[in-house]
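What follows is each chain in one-letter form.
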Amino acid sequence: MAKFKKVATLCLALLMGCAVGMFATACNDDEVSSTPTNSEQTEVTDAYKFVVVYEDGTPAVGMQVQICKGTEVCLAPVATNAQGVSVVKTTFGEFAYDIHILNLPTGYTFNPEKTPATYGEVKITLKAA
């Protein structure tokens, strides 16, 4: 019986290890990049690069930019960096996605509310209402 308990414990540990490995692989963030590289900040060819600024041109740091394809699919939000830049990569392809800023300051609106139908840079201006 003691031998069975040891074998069962070992099997359970292996099973849990495999489950954690599978979960980590399934949750890979290949679709979304939260830390743009220097090349992504100068030229974007396979993603949407959002530059979020206030009306006076000041970068809007820490804004949570999210894109959604209707009500079907929303990607994880990506925060803007110190330059107000957020790069979102998607495997769903080019599309006119709805833009959401999840932590938009109270009393502000933003424009535009949709991405262009092709990858590239999108400048988002936050305006006081």
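Presented here is a report on the structure given in the accompanying data block. This one's a predicted model, so the numbers in the text were calculated from it and none came from an experiment.

1. Describing the pattern of salt bridges
Inference 1: Within this structure, the stated rule accounts for two salt bridges.
Inference 2: Taking the shortest distance from any N to any O, the salt bridge between Glu121 and Lys49 comes out at 3.6 Å. One end of the pair, Glu121, is in strand 8 (residues 120-128); the other, Lys49, is in strand 1 (residues 47-54), with 72 residues separating them in the sequence.
Inference 3: Accessibility expressed as a relative area gives 52% for Glu121, which makes it exposed.

2. Details of the side chain of Thr90
Inference 1: Structurally, Thr90 can be placed in the loop between strand 5 (85-89) and strand 6 (98-101).
Inference 2: Judged by its relative accessible area of 7%, Thr90 falls in the buried class.

3. Considering the state of the cysteines
Inference 1: Tallied over the full model, the rule gives one disulfide.
Inference 2: The disulfide partner of Cys68 is Cys74, and the gap between their sulfur atoms is 2.0 Å. The disulfide joining Cys68 to Cys74 has a torsion of about 110° about its S-S bond and is therefore right-handed.

4. Remarks on the packing of aromatic side chains
Inference 1: In this structure the tally under the stated criterion is five aromatic pairs.
Inference 2: Aromatic side chains Tyr48 and Phe50 sit 6.4 Å apart centroid to centroid with 25° between the ring planes, which places their arrangement in the stacked category. Residues Tyr48 and Phe50 agree in their burial class; the two are buried.
Inference 3: Seen from their ring centres, Phe95 and Tyr97 are 5.3 Å apart, and the 70° between their planes marks the pair as edge-to-face.

Thresholds, definitions, all that
- Residues numbered from 1 in each chain as written.
- Predicted model: local features only at pLDDT ≥ 70, side-chain atom pairs only at ≥ 80, totals over all residues.
- Heavy atoms only, no water.
- Salt bridge = Lys/Arg side-chain N within 4 Å of Asp/Glu carboxyl O.
- Helix = DSSP H or I, 4+ residues; strand = E, 2+ residues; numbered from the N terminus.
- Buried < 20%, exposed > 50% of the residue type's maximum accessible area, 1.4 Å probe, protein only.
- Disulfide = S-S within 2.5 Å.
- Phe/Tyr/Trp six-rings, centres within 6.5 Å; stacked < 30°, edge-to-face > 60°.

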